[in-house]
Amino acid sequence: MNTTFKEENGTYVMYFEGRLDTAAAPVVEKEMKVLADCTGHDIILDCTQLEYISSSGLRLFLSTLKNAQSKGSKVSVKGMNDDIRNVFAMTGFINLFNIL
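Residues numbered from 1 in each chain as written. Predicted model: local features only at pLDDT ≥ 70, side-chain atom pairs only at ≥ 80, totals over all residues. Heavy atoms only, no water.

With that settled, consider the state of the cysteines. Throughout this description, disulfide means a covalent bond between two cysteine sulfur atoms. Summed over the entire model, instances satisfying the criterion amount to zero disulfides. Looking at Cys38, it has no disulfide partner, and the nearest cysteine sulfur is the one in Cys47, 17 Å off. Cys38 gets classed as buried once you look at its relative accessible area, which sits at 0%. Taking relative accessible area as the criterion, Cys47 reaches 0% and is therefore assigned buried. (Disulfide = S-S within 2.5 Å. Buried < 20%, exposed > 50% of the residue type's maximum accessible area, 1.4 Å probe, protein only.)

Given below as structure tokens:
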């Protein structure tokens, strides 16, 4: 599992590549801490290269969303494959996030 953080035009973008499963979640959680100070910045979670997300990964996305909303920022999810989109639909996450 690889992540890459970039600031693009005032928006924080986190790119995910590989499988965001229970084993990868602790490392990814540390890498996502950069998104915590998002005041004045919206966030895009780019899942174009994400192959799989577990409940642990969903928890990280939800935590990011709650933190961002408390600071007046919005979180969008981009580039989900069909499997990840189905997980988001089944869990109701599809209604929580702005889907690009």
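Now that the structure has been shown, we can carry on.
Applying the stated criterion across every chain yields a total of seven aromatic pairs. Pairing Phe16 with Phe61 gives two aromatic rings, centres 5.2 Å apart and planes at 40°, and the pair type is tilted. With Phe16 in strand β2 (residues 11-20) and Phe61 in helix α2 (residues 55-70), the pair connects residues that are 45 residues apart, well separated along the chain. Residue Phe61 is classed as buried on the basis of its relative accessible area of 0%. Ring centres of Phe88 and Phe93 lie 5.8 Å apart, and the angle between their planes is 80°; on these two criteria the pair is classed as edge-to-face. By relative accessible area, which is 0% here, Phe88 ends up buried. Among the residues examined, Phe93 registers a relative accessible area of 11% and is labelled buried. Clustering of aromatic rings is evident, with ring pairs tying together Phe16, Phe61, Phe88, Phe93 and Phe97. Across from the ring centre of Tyr52, 4.3 Å away, lies the NZ or CZ of Arg19, which sits over that ring. (Phe/Tyr/Trp six-rings, centres within 6.5 Å; stacked < 30°, edge-to-face > 60°. Helix = DSSP H or I, 4+ residues; strand = E, 2+ residues; numbered from the N terminus. Lys NZ or Arg CZ within 6 Å of the ring centre and 35° of its normal.)

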